[in-house]
Amino acid sequence: VTAAPAIYMDEAIKVTPVNPENPGGPRRVIFASERTLPAGFTLIETGILASTAGVPNLDDYFYKAIAKSSERNGQFTARIDNVPAGTPGYARAYMIYRTPGGDYKVIYSNTVGGIV
């Protein structure tokens, strides 16, 4: 069995008021992801994409957070502040990597979301 690159989003999205004294006001949304990239593969870029209009991808998103870590395996979280209450939100992680054969690939995680 050959190990394959993988990236996952945590289904538990954390949503809290930006200002606890105004619970009906803007929200802070936190997304978390985890990646694994086997030996021999090279991480080019990884991060989290968000959209209010459906499943985000590298060609269609309103928010992109890029991880600073270049480690093959790791976790990454992204925070979006001042999201209006009642806004639909969708997010998924992505990973751009180079295979041992020199090909560049993009993979996406599962999509998480709902009404903020």
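Draft legend 1. Quick peek at the environment of Glu-21. Along the chain, Glu-21 falls in the loop between strand 2 (14-17) and strand 3 (27-36). A relative accessible area of 76% places Glu-21 in the exposed class.

Draft legend 2. How the structure looks around the nonpolar core. Grouped together as the largest cluster of nonpolar side chains are 21 residues, with contacts concentrated most on Met-9, Phe-31, Leu-37, Ile-48, Phe-76, Ala-91 and Met-95. Every element with two or more residues in this core is listed here: strand 1 (6-9), strand 3, strand 4 (42-51), strand 6 (74-83) and strand 7 (88-98).

Draft legend 3. Seen up close, the confidence of the model for the protein chain. Averaged over all residues, the pLDDT of the protein chain equals 90, while 98% of them reach at least 70. The least confident element of the protein chain is strand 9 (residues 112-115), whose mean pLDDT is 85; the most confident is strand 8 (residues 104-108), at 96.

Draft legend 4. Focus on the pattern of salt bridges. Evaluated as defined, the whole model comprises 3 salt bridges. The shortest N-O distance in the salt bridge between Arg-79 and Asp-81 comes to 3.0 Å. Asp-81 sits in the partly exposed class, given a relative accessible area of 28%. The network of salt bridges with common partners includes Arg-28, Arg-79 and Asp-81.

Draft legend 5. Just the packing of aromatic side chains, in detail. Inspection of every chain in the model, using the stated rule, returns 2 aromatic pairs. For the ring pair Phe-62 and Tyr-63, a centre distance of 6.5 Å and an interplane angle of 50° mean the geometry is tilted. A residue is classified by how much of its surface remains accessible, and Tyr-63, at 24% relative accessible area, is partly exposed. The cationic tip of Arg-92 hangs over the ring face of Tyr-108; the distance from NZ or CZ to the ring centre is 3.9 Å.

What counts and how
- Residues numbered from 1 in each chain as written.
- Predicted model: local features only at pLDDT ≥ 70, side-chain atom pairs only at ≥ 80, totals over all residues.
- Heavy atoms only, no water.
- Helix = DSSP H or I, 4+ residues; strand = E, 2+ residues; numbered from the N terminus.
- Buried < 20%, exposed > 50% of the residue type's maximum accessible area, 1.4 Å probe, protein only.
- Core = buried A, V, L, I, M, F, W, Y, C linked by side-chain atoms within 4.5 Å.
- pLDDT = per-residue confidence, 0-100.
- Salt bridge = Lys/Arg side-chain N within 4 Å of Asp/Glu carboxyl O.
- Phe/Tyr/Trp six-rings, centres within 6.5 Å; stacked < 30°, edge-to-face > 60°.
- Lys NZ or Arg CZ within 6 Å of the ring centre and 35° of its normal.

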